[in-house]
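For reference, the chains in residue letters:
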Amino acid sequence: MSGPASIVVPIRSLSDGKTRLSPVLDPLARSALTREMLERVVNAALGTVSRAAVMVISPDPDALAEVGRIDPSIRLLYQDPMRPGLNPALEQAAAAVRESGGSTVLILPADLPLISSTDIDNLLRRDAPVVIAPDRHGMGTNALMVRLDAFGEPFVFQFGEGSYGKHHDEAGRLGVDAMTAMAPGTSFDLDTPDDLQELDAMRATSAAGRAAR
């Protein structure tokens, strides 16, 4: 590892997210699910062998307050309201990491219901300047590690539609090759009713396997 690492978890809101699940979950259920996944991601980040610093950035004070109750070591960063959106949030977080002497950021979205500390450690131990963990469809980015000191100019985050390919292109623009890393905990994110149905099926299979032992 090139230097101190920070795990950055962006969260837009505890109450207004996951609207694509509205056909199967009411607002209270969506909020509860958002909280559950956020807590899982944050606790997985806190449990790494590497003991990387953990930062949560959000424009939602309630989200930051809730995260702060999980562990006082978490750095809470209020997103600049003049720079809304996910990619500006990540630019702000990366600048804060750099200013505090860090040289590596690992971006973890807050909607990874299967993520584990082992998954995160397996990303942090890689030495490539850019490491991308794609979603299971090979289109999006479910984790992104960037060595901030590896380039002569800032890495421009490209989260959004087709971000896996766009992050590869951004690494190429900066003159480096991006490494792809795949694991069950990073490949599965939860956005749609089909995702929720698949997650429920996986959990049922896992519970049946445990009961059969």
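So, a few notes on the structure that sits alongside this text. (Residues numbered from 1 in each chain as written. Predicted model: local features only at pLDDT ≥ 70, side-chain atom pairs only at ≥ 80, totals over all residues. Heavy atoms only, no water.)

As for the sheet that holds strand 5 (residues 130–134)
Keep this limit in mind: Paired strands, in this sense, are two strands between which DSSP finds at least two bridges. The helix and strand labels rest on DSSP assignments: H or I over at least four residues marks a helix, E over at least two residues marks a strand, and numbering proceeds from the N terminus.
Taken together, the seven strands give an open sheet; going across it, the order is 3-2-1-4-6-5-7, and neighbouring strands pair in mixed fashion. At either end of the open sheet lies a strand with only one pairing partner, and these are strand 3 (75–78) and strand 7 (179–180). Across five bridges, the pairing between strand 1 (residues 5–10) and strand 2 (residues 53–58) is parallel. Bridging across to strand 2, Ser6 finds its partner in Ala53.

Some details on the environment of Val131
The cut-off we apply is this: Using a 1.4 Å probe on the protein chains alone, a residue whose accessible area is under 20% of its type maximum counts as buried, one over 50% counts as exposed, and one in between counts as partly exposed. Residue contacts are defined here by distance: any two heavy atoms, one from each residue, within 4.5 Å place the two residues in contact.
Along the chain, Val131 falls in strand 5. Taking the relative accessible area as the measure of exposure, Val131 reaches 1% and is therefore buried. Other than its neighbours up to four places away in sequence, Val131 contacts Leu123, Arg126, Ala143, Leu144, Met145, Met179 and Ala181.

Looking at the pairing of strand 6 (residues 141–147)
Along strand 6, seven of the seven residues are buried, which leaves the element largely enclosed by surrounding structure. Pairing between strand 4 (residues 104–107) and strand 6: four bridges, direction antiparallel. Bridge pairing in strand 6 links Val105 to Val146. Bridging between strand 5 and strand 6 involves five bridges; their strand directions are antiparallel. Residue Val131 lies in a different strand from strand 6, and its bridge partner there is Met145.

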